[in-house]
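Residues per chain, in single letters:
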Amino acid sequence: MELLPRSPAEFGSARYWDRFFRQRGQRPFEWYGAFPELCPVLHKYVRPRDKVLVVGCGNSELSEQMYDMGMCEDIVNIDISDAVIRQMQERSASKRPKMSYLLMDMLQMDFPDAHFQVVLDKGTLDALLTDEEEATLAKVDQMFAEISRVLQVGGRYLCVSLAQAHVLKKAVEYFSQEGWVVRVHQVAGSGDKQQFVLPVFIYVMTKFRKIPGSAPQILEICPEEQDKPMRVESAERLVAAVKDRQHYALLCSQLGKTPCREQVSLDLCDKESGKPRYTLNVVDSPSVKPSRDNRFAIFIIPQGRETEWLFGTEEGRRQLASSAGFGRLVTVALHREQHYEGMAGIQAELSGKVMELAPPGLPARQQVPFLSVGGDIGVRTVQHRDTSPLSGDYVVEDVKGDGTSYFRRLIFLRNRNVVQSEARLLAPTPLPGQKKRRKDKKKPSPAEPPAAIDKSYLCCEHHKAMVAGLCLLGGPNPLPGTSLAVLVVGLGGGSLPLFVHDYFSQAHVAVVEIDPSMLEVATRWFGFSQGDRMQVHISDGLDYVAKLAAEAPAQYDAIMFDVDSKDLTVGMSCPPPAFVEKPFLQKVKIILKPEGVFVLNLVCRDAQLKESVLATLRDVFPLLYTRHIEGEVNEILFCQPSPTGRRDPTELGARARALEGALREPGRPWDSSYVLADMLQAVKIL
C-alpha cells in the first residue's frame, strides 16, 4: 500500500492527506511517539482549564488520551483533510462532548485573536518545512503568524518534532526574535522505543509581549534525564546541543544492533557546568566467545592513569578488553576538574547511561560488572594550576601509579591526554631517632608537596633513550667524569637536564626554554635548580642556536631537542616544524663538535611529514640512527655529523654496559629497570 508522498511538497496537500487517511482506515497514525512518552513534558505546560488548539491533528490518539486522562477537555482539533476530520468526529462525538474537530487550514484560521492558551503541533511543522525554498518558508512564516495571533500572551506553542537542523533553526529564530521564551525538551526514551531512530523533541515557545529594542533572547534546553533547563547563548548553540543528542541516539542505535569494528569515543558532560566529566571508549573484542556473563563490562580507569599506554591508546584498550575477557568493554576516564564520590558513586551515576551502549542481545535485566585496577578510582591531587601566555592553561598534579608509587606530572590542558613532564616522588624518610607518624596525627595539607623528587628516576622512556644516546659520542666512552658540554632545548619539568647534570659530574648543561613560566614550575615543583654546571637561558631555541652558530661553532658534545609544538593543527607535536627545516638543522650541525651527537625527540603522526623530516635530517647528518619507543608515537633520532663514527650494535652494547656500570656507583641511587643496553639494542641505522 502506497502511503508515502511522491514528493515532500505533497505533505502540504489536502488531497494527499485525504488519500492517506482513506487508505490507512481507522488505525491511528502516531507521528513521533504516543501519549505515554509525550505526557511527562506535556503535563508541565497544559493545564486542565486551558483552551487547547491542535493543528494538523490527523487521526492521532493524542487529543483523545489527553482528554481521557483529565489533562484537558477544551480541545479544538483542526486538519486540512476532510476524510480524517469526519473520521475523528465519528470516533469522539459521543465519548468526548467538549472536544471538537474542524476542517480548517492552519495558515488561515477562523478563530479570533488571543483565543487559546496552548497550541499543540505533533509533526505538522516538520511535514510543512520539508525544504528551504522561498515558497515553503513563506508558508511557515504564515503558520507561525497565525499561531502567534490566536495565542494569548503567556500562552504556549508546543511543537513535537524530530528537530532537523533547518526546522529547529527556523522556529527558534522566528519566535526568539518576537521576544518569546524558547525551550527545547528531549522526550525520554523516544530514541529507542519508536519507529524513528532519532530522538523526539518538544519545542516550548512561550508568548511574551515584544519589547521594543534588543531584548535578550532566552533560549534553553532540557535533556531527557533532567528537569532543570540549561541556558544557551544563541540559536546556533541550541541547534548544536540538539545535534549532539541526535548523534548520541544514532550511536546508541548502531551499537545496539551490530558490534563496532572501530573504537567509539564520547564525552559525558556535567549537567551544571557543561564540562566533560567522563570520557568513554567502547571496545568490542570479536575474539571473545560470548556467554551469558561476559558480554558487557565497564572499566573505570584510575585517576591520573588515563595517559598510560594500556588505557590511553586504541591498541592498549584492545589488549585490555581481550585480557578482561568481555565481548564489549567500555573504558571510563575521569576528568581532573570533577569531583567523584568513590567507585559506588560513579557506578550509581553511570549505570543508566552505559546501558544505552550495551551490545546487541544483552538481556534487559543483565547485571553489568564495573571493573578497575585495585578496586578503587585512584588518587589525583592538583598541586598547582596556572596559565602561561605561551603554553596556555596547565596543571601540576600528583597521581598514584601502579602499586605504591606516586608521580608528579605537568599537563598542558590544551592537550590534556599528554603528560608533558613527569617525576617520581620519594616517600618521606624519618630522620634518625624520629618516631613514625601516628595514624591519628594530622596529615599534611594536600596543597603541599608530599615528598621530594626522585632525581635518579627517568619516568619517560624517550628520556631514557636520549641519555643512552650519549654512548654514540666519539672517542672514549663518556664516563661520568668526562667533561661534556650539553645543550638541551626544552626544559619542561627539568628531569632530562637534571639527570645529565647529576650523573655526569663534569657535564656542563645549558638549557634553552622559551617560556619563563616553565622555569618557575620546574624549580618550585620538580626539584630543578641552577648552578655552576647548569644554566637556563630564557630564549627562543631558534634564535639561541642561530646566534651560537654565528659566534661559537663546534661548541657542544651533545645537543638534545625535547621541545613541544604549540600548534596542534600540524601532524607533528614535537618539535615545531621550524626546528627540522634544513637551514636551521645546518646551524645545529655547526655548533656540534665533529664527533658529537644531536638527539631529537620526534612525535609525528603524519607519515608523509615524518618521511620528509627524516629525508631532511639525512641531507644534513651523514649518520642517522633511530629508536622507536614501544607503545608510543615517540621516535628518538641520533644524528652525527661524520659517517666515520658509525658503530655496530655489538660495539654500542659494550659501550652502553660500560657507561651504565660507571653510572651505578656504590651509594648512588639507580633505577634498576633502566638498562642502557636495552635502550640501544633496538636502534636502527637509517
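The structure displayed is predicted, hence computed values, not measured ones.

(A) Main features of empty space enclosed by the protein. In this structure the tally under the stated criterion is one cavity of 30 Å³ or more. Roughly 70 Å³ of internal volume is contained in the largest cavity. Lining the largest cavity, in full, are Glu422, Ala423, Ile453, Asp454, Lys455, Tyr457, Ser495, Leu498, Phe499 and Phe526. When residues of the lining of the largest cavity are traced back to their parent elements, those giving at least two are β18 (419-424) and α14 (495-503). A total of three residues in the lining of the largest cavity trace back to one element, the largest contributor, which is α14. Here the residues of the lining of the largest cavity sort into six nonpolar, one polar and three charged.

(B) Just the pattern of salt bridges, in detail. Applying the stated criterion to the full structure yields 32 salt bridges. A salt bridge links aspartate 50 to arginine 156, with the nearest nitrogen and oxygen atoms 2.7 Å apart. Residue aspartate 50 is located in the loop between α2 (35-45) and β1 (52-55), and its partner arginine 156 is located in strand β5 (residues 151-161); the two are separated by 106 residues in the primary sequence. Accessibility classification places aspartate 50 together with arginine 156 in one group, the buried group. Between lysine 210 and glutamate 178 there is a salt bridge, and its shortest N-O distance comes to 3.9 Å. Placement of the pair is lysine 210 in the loop between β7 (201-206) and β8 (219-222) and glutamate 178 in the loop between α7 (165-177) and β6 (181-186), with a sequence separation of 32 residues. For lysine 210, a relative accessible area of 53% corresponds to the exposed category. Judged by relative accessible area, glutamate 178 falls into the partly exposed class, the value being 29%. Sharing partners across several salt bridges, the network here consists of Glu64, Asp68, Arg91 and Arg96.

(C) Summary view of the sheet that holds strand β14 (residues 370-372). Here we have five strands laid out as an open sheet, ordered β10-β11-β13-β12-β14, and mixed in their pairing. Looking at strand neighbours, the two that pair on one side only are β10 (264-269) and β14, the edges of this open sheet. Sheet twist, expressed as the average angle between the axes of neighbouring strands with direction ignored, equals 25 degrees. Across the sheet, helix α12 (residues 342-354) lies against β10, β11 (276-284), β12 (296-300), β13 (328-334) and β14, angled at about 130 degrees from β14, the strand it touches most.

(D) A look at the sheet that holds β8. An order of β3-β2-β1-β4-β5-β7-β6-β8-β9 is seen for the nine strands of this open sheet, with the pairing classed as mixed. The open sheet is flanked by β3 (100-103) and β9 (230-232), the only strands paired with a single partner. Here the average twist between neighbouring strands, direction ignored, is 20 degrees. In the sheet, strand β4 (residues 116-122) pairs with β5 via six bridges, with the strands oriented parallel. Counted as the bridge partner of leucine 120 is leucine 158 from β5. Docked against the sheet, α7 engages β5, β6, β7 and β8, running at close to 10 degrees with respect to β7. Contacts between helix α9 (residues 235-255) and the sheet are confined to β6, β7, β8 and β9, with β8 contributing the most and set at about 15 degrees to the helix.

(E) Spotlight on the packing of aromatic side chains. Inspection of the entire model under this criterion finds 16 aromatic pairs. Both rings, one in phenylalanine 144 and one in tyrosine 174, keep their centres 5.0 Å apart while their planes meet at 50 degrees; by these two values the pair is tilted. In this pair, phenylalanine 144 sits in helix α6 (residues 134-150) while tyrosine 174 sits in helix α7, placing the two residues 30 residues apart along the sequence. Their ring planes at 80 degrees and their centres at 4.9 Å tell us that phenylalanine 561 and phenylalanine 598 sit as a pair that is edge-to-face. One end of the pair, phenylalanine 561, is in strand β22 (residues 556-561); the other, phenylalanine 598, is in strand β24 (residues 592-604), and 37 residues separate them in sequence. The buried category is assigned to phenylalanine 561, whose relative accessible area is 0%. Taken together, the ring pairs connect Phe144, Tyr157, Tyr174, Phe175 and Trp180 into an aromatic cluster. Just above the ring of tyrosine 457 sits the side chain of arginine 424; from NZ or CZ to the centre is 3.9 Å.

How each quantity is defined
Residues numbered from 1 in each chain as written. Predicted model: local features only at pLDDT ≥ 70, side-chain atom pairs only at ≥ 80, totals over all residues. Heavy atoms only, no water. 1 Å grid on protein atoms, 1.4 Å probe; cavity = no way out; pocket = protein on both sides within 12 Å on 5 of 7 lines; lining within 4 Å. Points joined across faces, edges and corners; volume = space filled by probe spheres on them. Helix = DSSP H or I, 4+ residues; strand = E, 2+ residues; numbered from the N terminus. Nonpolar A, V, L, I, M, F, W, Y, C, P; charged D, E, K, R; others polar. Salt bridge = Lys/Arg side-chain N within 4 Å of Asp/Glu carboxyl O. Buried < 20%, exposed > 50% of the residue type's maximum accessible area, 1.4 Å probe, protein only. Pairing = 2+ DSSP bridges. Axes fitted to C-alpha atoms, helices over the stretch in contact; angles between N-to-C directions. Contact = heavy atoms within 4.5 Å. Phe/Tyr/Trp six-rings, centres within 6.5 Å; stacked < 30°, edge-to-face > 60°. Lys NZ or Arg CZ within 6 Å of the ring centre and 35° of its normal.

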